[in-house]
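Chain and residue survey
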Amino acid sequence: MSIDQAARGLAIKSFLGQSNRCEAYGASPSATAAVNVAALQSAFNATGFVTLTNPGTYSFNAPTVISSNTTFQVGMGVTLLQAPGTNNNLLQNAAYTRPWTTITSISWSNTIPLEATINIGGGFTVVKDQYIWVQGTPGTTDPAYTGVFRVIDATTPGAPIVMLNNIPAAAASGTITAKLADVNISLIGGTYNYDYANNPGVAGPRCHGIMLIGTANSNVTNVTTLNTKKFGICTGATANLNLNGLDHSGPSDGIKCYGPCANSVFSNLSVDNADDGISIHPQEPAAFSAYDVSHGNIINVRVNNTKVYNGSGVKIYGSDYWYMDNIIVDGVMGHSTTGVGVAANTIPLVCFSNYSALAICTMGSVIIRNVELRSNWYRTTLGQIEFNTAGSYATNFKSILFEHIITDPNAGEVSASRGILINLGGGTVPKLTVRNSVFYNPASCISIQLAGSDNYGGITFNDNYVESLHSGDGELCRFDTTGTIGTVNGSNNVIAGLTDYNFLNFDSILGNTPTVILRGNNVTANYFVVTKTNLNLVMIGNRLVGMAGSAISITGAGSKKVTLSSSGNTWAGTYYGIAATNSIAFAGNCADFKCDLSATGIARSDGAIVYNTNAALGTLASKGLVLGHGPSNAQAATVTSAAPGVFTVAASSPIGTAVTLDASVDGFTAATQYFVSATGWAATTFSLADTYAHALAGTNNITSSGTTGMNVTAQPLWYLMANPALVY
């Protein structure tokens, strides 16, 4: 043993020797509940290091109250049991019931935006480095003024300066109250048994195992809670809370984290219940207001390593007025099967739900990573991981990141279940990312679905693996939103064996035309991209296998267009499928894309390079690479009944230009391709011939026997790159 180790050992023994042993005050497994309450409370009142270490079950008939600067260590084999009929929390901290003081004002200036002066106006005073719990009026007071704040200057004890957690948008208003928060509370070890069967009699905040409300710089380590009516541990109005190790079994949440909460970590949670493993909630909605003990913003909160055996793992709730930002859920594994008040197998393992009654719920950034979904896919049309709304209220996020999400290859299923489902009621997500995840899709299940009418700025799918386990499985992502999407980026994804499905499916008509950039993906499926909406599609270096349906499929009614830029792809099967009046246009170099340029739905494209497969294509009469060149515009025109028919426009297109008409008149058919003839060509008038060659020669001009107005749309010509004299 080194000298340093020996010194540390002596220090620990010395510290333990100075502890307040509850047994010395009369605590005993054989003592009455009242004696044990008095003994534990006497030890707590002395503060410092308090222990209860003699193995056994200790009965309590009232909450014990722990104060600042107190550590409570419970030994192995020690259980704190609530006596029958007590119907109260087993342990709570002093600040929870400390009286409020209505403060006179808060002084704030955006010159130093994170500092504020709390003008207490009597009731209590503070010293530097203490913490104050400040509570504003929801909906009136700027949310930034509600929280547990450190005093950074107590030169005037009745008007201390505190450090806020985020910058207010305006000066403070409304009724504001404050009280001293507790600091440096530590709970180590022990089993807290609420004994719900013998204590069923109350609702509200008197039905939890442990209450920590209004605390800063506190710790909970390796605690077990059992049989609580509601929460194993209820926290709220916290700053810098570190909870490491909770084993909970009971009918409700293992941990409830109410706002305000800042800079706190919850780690190594093991929960067996039929509700949430941990729920993070700025404020209870009206239906559950009886449980509301605090409310405010939740900022910089991390949940690490949660394991659940039943119920939901991690639940994040949106609320009225309050803001949540930088929420990180890292490490969730479990079998989510049942829930309180819901059918079996219908609750998600990780969930965000908006319980705001306002039109918009505002969120910041949320990161969900290292989630192992070990349950069956029984959530019909719902998600194993789900971000949804409770009603018609929208939620806006700054960003959502899903990373290292893994589903079980042996999971069962019902049809139409989803791995990740997002439906935010018309909300906005400027940045959504799913990366480095593995989805084993059961039959007819979808890895990711974006539903509702939400709006996305940028969506990224990178380095994901999707494998179908049955014929008819499918889709990395189904876009069912009718909102808007700015850009979709998908790179280095591997899709294996999606026999009847596809990589991306745009299954609803969007409110805009997104740009979809797909690079370096390896996809085995019947389809690569399926769409019912307009897309700007960029494909670079993808390896496509199968594609028995078609690599690009444009479905549904209407006139939907995919503008394609494609290079370096390895194609297989059928390149494209176009329904009804839909079309594919080309942008730039698409030399790897092969098609019959005369096929229905293939649009002429200026400046595009594409491979023509029709060796008998009109005057082109050759396979090979072609270049699209020429004007592409629409302008109003009238046609005069004559032989040939004379079109009058603002400015004539060049001789040989391919054009279509949007209306039929005698002699001409709408949407049929004609060519500007040399016969009678002038600056604002021209005639039309049936082929490019006849147009150049000024022959076979079309006679019109009717007069009407229409739009004439000029289209580029296809030039064979090996011989530009050959044109279609």
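Throughout what follows, the structure given in this document is the object of discussion. (Residues numbered from 1 in each chain as written. Predicted model: local features only at pLDDT ≥ 70, side-chain atom pairs only at ≥ 80, totals over all residues. Heavy atoms only, no water.)

A look at the nonpolar core
Ranked by size, the top nonpolar core spans 119 residues in total, and within it Phe-72, Phe-402, Leu-504, Phe-586 and Phe-593 carry the most contacts. The contact partners of Phe-593, leaving out residues within four places of it in the chain, are Ile-552, Leu-564, Trp-571, Tyr-575, Tyr-576, Ile-584, Phe-586, Val-610 and Tyr-611. Trp-133, Cys-207, Phe-231 and Tyr-291 belong to the second-largest nonpolar core, a separate cluster that totals 19 residues. (Core = buried A, V, L, I, M, F, W, Y, C linked by side-chain atoms within 4.5 Å. Buried < 20%, exposed > 50% of the residue type's maximum accessible area, 1.4 Å probe, protein only. Contact = heavy atoms within 4.5 Å.)

With respect to the sheet that holds strand S57 (residues 688-689)
Taking strand neighbours across the sheet as the criterion, the seven strands line up as S56-S53-S52-S58-S54-S55-S57 in an open arrangement whose pairing is antiparallel. Edge positions in the open sheet fall to strand S56 (685-686) and S57, since each of these has one partner strand only. Alignment of strand S52 (residues 633-640) against strand S53 (residues 646-648), held across three bridges, turns out to be antiparallel. In the sheet register, Val-639 faces S53, and the bridge partner there is Phe-647. (Pairing = 2+ DSSP bridges. Helix = DSSP H or I, 4+ residues; strand = E, 2+ residues; numbered from the N terminus.)

Overview of the side chain of Glu-386
Along the chain, Glu-386 falls in strand S29 (residues 383-389). By relative accessible area, Glu-386 is classed as buried at 4%. For Glu-386, the side chain forms a polar contact with the side chain of Asn-388, separated by 2.4 Å. (Polar contact = N/O pair within 3.5 Å; in protein donor to acceptor, adjacent residues only side chain to side chain.)

Let's talk about the packing of aromatic side chains
The final tally for this structure, using the stated rule, is 23 aromatic pairs. Look at Phe-231 and Tyr-291: their rings are 6.5 Å apart centre to centre, the planes differ by 50°, and that puts the pair in the tilted class. Taken as a pair, Phe-231 in the loop between strand S19 (219-226) and strand S20 (233-239) and Tyr-291 in the loop between strand S23 (261-281) and strand S24 (298-318) lie far apart in primary sequence, 60 residues in all. Using a relative accessible area of 2% as the deciding quantity, one classes Phe-231 as buried. Among the residues examined, Tyr-291 registers a relative accessible area of 14% and is labelled buried. When the ring of Phe-586 is compared with that of Trp-718, the centres are 6.4 Å apart and the planes differ by 65°; the resulting orientation is edge-to-face. Within this pair, whereas Phe-586 is found in strand S48 (residues 583-586), its partner Trp-718 is found in strand S59 (residues 717-720), the two being separated by 132 residues in sequence. Pair check on accessibility: Phe-586 and Trp-718 agree, each one buried. Taken together, the ring pairs connect Trp-571, Tyr-575, Tyr-576, Phe-586, Phe-593 and Trp-718 into an aromatic cluster. (Phe/Tyr/Trp six-rings, centres within 6.5 Å; stacked < 30°, edge-to-face > 60°.)

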